[in-house]
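Fold and contact review
What follows is the residue order along each chain.
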Amino acid sequence: MDFNEISFRVRYAETDQMGVVYHGNYAQYLEMGRVEWLRGKGISYKEMENNGIMLPVISLSTNFKKSALYDDLITVRTILKGKPSVKIEFDFEIYNQSRELLADANVKLVFMDKNKMKPIRCPEYILAKLDI
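Presented here is an overview of the structure given in this document. As the structure is a prediction and not an experimental result, all values here were calculated from the model.

Here the focus is the environment of R77. Relative to the helices and strands, R77 resides in strand β4 (residues 73–80). Overall, the relative accessible area of 17% leaves R77 in the buried class. Distance in space between the C-alpha atoms of R77 and W37 is 9.1 Å, their sequence separation being 40 residues. Excluding residues within four positions of it along the chain, R77 makes contact with F3, N4, E5, D91, F92, E93 and R99. At 2.8 Å, the side chain of R77 forms a polar contact with the side chain of E5.

Moving on: the packing of aromatic side chains. How two aromatic rings sit relative to each other is given by the distance of their centres and the angle of their planes. Going through the model one piece at a time under the given rule, you end up with six aromatic pairs. Ring geometry for F90 versus F92: centroids 6.3 Å apart, planes at 45°, classification tilted. On the basis of relative accessible area, F92 is assigned to the buried category, the value being 1%. A cation over an aromatic ring shows up here: R77 above the ring of F3, its NZ or CZ 3.9 Å from the ring centre.

Criteria and thresholds
Residues numbered from 1 in each chain as written. Predicted model: local features only at pLDDT ≥ 70, side-chain atom pairs only at ≥ 80, totals over all residues. Heavy atoms only, no water. Helix = DSSP H or I, 4+ residues; strand = E, 2+ residues; numbered from the N terminus. Buried < 20%, exposed > 50% of the residue type's maximum accessible area, 1.4 Å probe, protein only. Contact = heavy atoms within 4.5 Å. Polar contact = N/O pair within 3.5 Å; in protein donor to acceptor, adjacent residues only side chain to side chain. Phe/Tyr/Trp six-rings, centres within 6.5 Å; stacked < 30°, edge-to-face > 60°. Lys NZ or Arg CZ within 6 Å of the ring centre and 35° of its normal.

Rendered as structure tokens:
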């Protein structure tokens, strides 16, 4: 299984009045995990966009198991689901410092030509870096 993990502390601004992470912040956590997974493969979002490739999200689902709280140390595990084609898909697991599963998620993105705004196949240079 090809995965990457990042860890960070929940900031006060990410919580509601009960000290619980607001559900909308999870999409940002998933993006952080995805960006760092790609960076670990030598793929930069910034360079992709400079090369005319965008990766818009076309599907995002999250299953919440337990609340993340202010100052928790969160770990986001990002897992590539398979070889990308026009789409790339990731599964995610989010844990607290006690390794309790807080949420799992799935995100699908599509490779898109930035200028034509049309879907394209995953570029070969990206496939080569993924070593799949």
